[in-house]
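Observations on the model geometry
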Amino acid sequence: MRRLITDTLIIAERNLVRLPRAPDLLLAFTVQPIMFVLLFRYVFGGAIHTGYGNYADFLIPGIIVQNIAFGGFVTALGLNEDLHKGLIDRFRSLPMSRAALLGGRTLADVVTNVLSMIVLIVTGLIIGFSFHTTILDGIAGGLLLALFGYAFSWVFAFLGLIVSSPEAANSVGFIAVFPLTFVSSAFVPTQSFPAVLRAFAKVNPFTIVVNATRYLWEHGHGIAASNVLFALLWTAGILVMFAPLAVSRYRRAAAR
Amino acid sequence: MASLGGVTGPSIEGRPRAEAGSEVAISARGITKSFGEVHALSGVDIDVTRGTVLGLLGPNGAGKTTFVRVLTTLLKPDGGSARVAGLDVVADAAALRASIGLAGQYAAVDENLTGLENLTMVGRLYGRPRAAAKARGRELLERFDLLEAANRPVKTYSGGMRRRLDLAAALVVSPPVLFLDEPTTGLDPRSRLGLWEVIEGLVAEGTTLLLTTQYLEEADRLADRIAVIDHGRVIAEGTATELKARVGGLRLEVTLEAGADRPAALAALAGVGSDEPVLEDGLLKVSVAERAGTIVAAVTSLSAAGVGVDDIILRSPTLDDVFLSLTGHGAEDGTDPESRP
């Protein structure tokens, strides 16, 4: 167990030290989400009627979840590259914990996700977003998003290990993430959707997590807030399913 | 963590330990491995004595890499058994990883980290404290002539520098058994020579090495014993000298002048060689029984027959000759079912 923790931290460090050196990657984590905020707030926002007092309040939780989802691509791509360049062979030949490579990668994702979240919240505050509850509920919402992001990283880790190339990771990832992000309550209320899409959006974990965070930031009530428990269940479910899948895939991973 | 149930032998903290007195560092018996229809390994037997170098020689797709992957615990064999440093590659896999170093065909280093960061990371993953891992990393960088590039990201390194770093990464704990899978494939001649010198240095320190290569020259230079592998089987094993002896003794090769009288040349050499001379594109080849006096006899005989000669050499058979006579095809042919897309 101690080995798992130290090895995980070593790998997380490996994935984080590269960030300041790859300005393009840093751009993806910061500038790109800001562009999306501005796009939705000022281009589409005026035409979207949410029943909310302020579209910025509606938008920010949604755009954070979208950002977590698209940020996950970096994980899938990175792992697939490790696989093809023989790095995973090297790690598997070392006397390190079998779960550490993926554990470290997903832990590093939490850091980048939280970084993006802060950038997005600050941008939001400038364009009219605000917390309407206590600091505690504000933090609870952020925590929920970070947890959900962590669980989702394991989905991308699994994806990165099963696809045949980084290009495939990109397109399969896109196919998975696109409907989850856009057929949800992330940017618009779902009432106007056709029945089938509305049914999908209703059970879509993205909708549930976004709604839970909105509620926490609008009305509060911690764990008792609408959808929060359900969102935590989804998060736990994704983690319990995909973490073992990904680790088992890693154990058998072959570069060729 | 993988369980180590069923392990016998002396142990420390519940882990089996390498048998210190054992003379055989690597031994494999009847290793088989198939990928669907492709039989990558069809029963490989090999023994490598402690402190020696075994060259595993074969064309692309012969099963060399698959065999190394089995011995380094990356792949479970379908059948057979193997022990490395006294530990079973399946039952004791977790413990074995602490006793081996692997450098692959594709330089497995993180391009976004610096050379020093790469080595420090690997050292820490072997369980060394950060400061010790970093000190060892510096030591290896200095030894492999990479100290100047220590703090540059690996993506700025040349191919030869990456290979040296990859090799250094396999050495961070000075493992008693080292596996190098085609360490010089794709390198320019100068980098290859540099890497050979490094490898020779390691061997001089007593490391047991299993080296795969498709370069006959490389096996000839580095290996104590050579196993020739083709279609997942060892088809010949011995020292380079033993293998060469299998295809006969010395060869005399005469390059004729343009326009030389070829039938006269063949007749002139018939008395010199121990078999019938053959002529290929102006190159006359004949096996000879002994070195002493052969060249003088050949030149005298050819000059008496009035045949003009550009060049004449007496050479031992190369491993190329060995390969050709053993497999019926050259070392560079063959398809590669395991190759990457």
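Residues numbered from 1 in each chain as written. Chains lettered and ligands numbered in written order. Predicted model: local features only at pLDDT ≥ 70, side-chain atom pairs only at ≥ 80, totals over all residues. Heavy atoms only, no water.

Once that is clear, we can look at the overall build of chain B. If you tally the helices and strands in chain B, you get 11 helices and 16 strands. Carbon together with sulfur atoms contributes 49% to the accessible area of chain B, which is approximately 15100 Å² in total. (Helix = DSSP H or I, 4+ residues; strand = E, 2+ residues; numbered from the N terminus. Areas by Shrake-Rupley, 256 points an atom, 1.4 Å probe, with all protein chains shown as cover.)

Right, let's talk about the overall build of chain A for a bit. If you tally the helices and strands in chain A, you get 10 helices and 0 strands. For chain A, the sequential pattern of α-helices and β-strands runs α-α-α-α-α-α-α-α-α-α. Taking 2.2 N^0.38 as the reference for a compact globule, 256 residues should give roughly 18 Å; the C-alpha atoms of chain A span a radius of gyration of 19 Å, in line with that estimate. Structurally, chain A occupies a C-alpha span of about 55 × 35 × 35 Å along its principal axes. Relative to its full complement of 256 residues, chain A shows a buried share of 54%. Counting only carbon and sulfur atoms, one obtains 73% of the accessible surface of chain A, whose full area is about 10900 Å². In chain A, 18 side chains carry a positive charge and 11 a negative one; their mean positions are 8 Å apart. (Rg over C-alpha atoms; globule rule 2.2 N^0.38 Å. Buried < 20%, exposed > 50% of the residue type's maximum accessible area, 1.4 Å probe, protein only. Lys, Arg positive; Asp, Glu negative; His and termini not counted. Charge placed at Lys NZ, Arg CZ, Asp CG, Glu CD.)

Right, let's talk about the pairing of strand E6 (residues 79-84) of chain B for a bit. Residue and element names in this part refer to chain B. Bridge count between strand E3 (residues 24-35) and E6: 5 bridges; the pairing is antiparallel. Residue pairing in the sheet places Ile 26 in a bridge with Val 84 of E6. The pairing of E6 with strand E7 (residues 87-88) spans 2 bridges and is antiparallel. Bridging from a neighbouring strand, Arg 83 pairs with Asp 88 of E7. Between the antiparallel neighbours E6 and E7 lie 2 residues, among them Ala 85 with a positive phi of about 50°. (Pairing = 2+ DSSP bridges.)

Attention shifts here to the packing of helix H3 (residues 115-125) of chain B against helix H5 (residues 159-169) of chain B. Residues and elements named next belong to chain B. Where H3 meets H5, the closest approach of the two axes is 9 Å, and the angle between their N-to-C directions is 20°. The pairing of H3 with H5 is recorded here as roughly parallel in orientation. The chirality of how H3 crosses H5 is right-handed. Along the contact surface, H3 presents Gly 115, Asn 118, Leu 119 and Val 122, while H5 presents Leu 165, Ala 168 and Ala 169. In terms of residue class, the contact of H3 with H5 is built from 5 nonpolar, 2 polar and no charged. (Axes fitted to C-alpha atoms, helices over the stretch in contact; angles between N-to-C directions. Parallel < 35°, antiparallel > 145°, perpendicular 65-115°, else oblique. Left-handed = near helix turned anticlockwise from the far one by under 90°. Contact = heavy atoms within 4.5 Å. Nonpolar A, V, L, I, M, F, W, Y, C, P; charged D, E, K, R; others polar.)

So, about the domain arrangement of chain B. Assigned domains within chain B: domain 1 (17-244) and domain 2 (250-315). Just the C-alpha atoms count here: the centres of domain 1 of chain B and domain 2 of chain B sit 44 Å apart. (Domains from an automatic or database assignment.)

Below, the discussion takes up the side chain of Thr 185 of chain B. Residues and elements named next belong to chain B. Relative to the assigned elements, Thr 185 resides in the loop between strand E9 (177-181) and helix H6 (189-204). On the basis of relative accessible area, Thr 185 is assigned to the buried category, the value being 19%. Setting aside anything within four residues of it in sequence, one finds Thr 185 in contact with Arg 163, Gln 214 and Tyr 215.

Bringing unusual backbone geometry into the picture now. Residues and elements named next belong to chain B. Positioned with a positive phi, Ala 85 is a non-glycine residue whose angle comes to about 50°. Considering the arrangement of structural elements, one finds Ala 85 in the loop between E6 and E7. In this structure, Asp 145 is a non-glycine residue whose phi angle is positive, near 60°. Along the chain, Asp 145 turns up in the loop between helix H4 (130-143) and H5. Among the residues examined, Asp 145 registers a relative accessible area of 64% and is labelled exposed.

In this section: helix H1 (residues 2-17) of chain A. Given 3.6 residues per turn, any residue in an α-helix points the same way as the ones three and four places further on. Across its 16 residues, H1 of chain A extends 23 Å between first and last C-alpha, which sits within 8% of the 22 Å expected from 1.5 Å per residue. Every buried residue of H1 of chain A is listed here: Asp 7, Thr 8, Ile 10, Ile 11, Ala 12, Arg 14 and Asn 15 of chain A. Buried residues belonging to H1 of chain A abut helix H3 (55-84), helix H4 (87-93) and helix H5 (100-126) of chain A together with H3 of chain B. (Expected span 1.5 Å × (residues − 1).)

In this complex, chain B contributes 35 residues to the contact, which on the side of chain A involves 27 residues. Of the roughly 3000 Å² buried where chain B meets chain A, counting both sides, 52% is carbon and sulfur surface. Arg 124 of chain B is paired through a salt bridge with Glu 13 of chain A; the nearest N and O atoms lie 3.3 Å apart. If you look at where chain B meets chain A, you find 13 residue pairs in polar contact (both at pLDDT 80 or more). (Buried area = accessible area lost by both parts, 1.4 Å probe. Salt bridge = Lys/Arg side-chain N within 4 Å of Asp/Glu carboxyl O. Polar contact = N/O pair within 3.5 Å; in protein donor to acceptor, adjacent residues only side chain to side chain.)

Where strand E11 (residues 225-230) of chain B and strand E12 (residues 233-238) of chain B come together, 5 bridges link them in antiparallel fashion. Its bridge partner being in E12 of chain B, Val 228 of chain B is matched across the sheet by Ala 236 of chain B.

Moving on, we come to the sheet that holds E3 of chain B. Read across the open sheet, the 4 strands follow the order E4-E3-E6-E7 (chain B); overall the sheet is antiparallel. Of all strands in the sheet, those with a lone pairing partner are strand E4 (38-49) and E7 of chain B, marking the two edges.

Adjacent strands of a sheet form backbone hydrogen bonds with each other and so pair up, either parallel or antiparallel. Residues and elements named next belong to chain B. With antiparallel pairing, the 4 strands of this open sheet are ordered in space as E14-E15-E13-E16. Whereas interior strands pair on both sides, the edge strands pair on one side only; in this sheet they are strand E14 (278-280) and strand E16 (309-315). If you compare each strand with its neighbour and ignore which way they point, the axes differ by 20° on average. For strand E13 (residues 250-256) and E16, the ladder comprises 6 bridges, and the chain directions are antiparallel.

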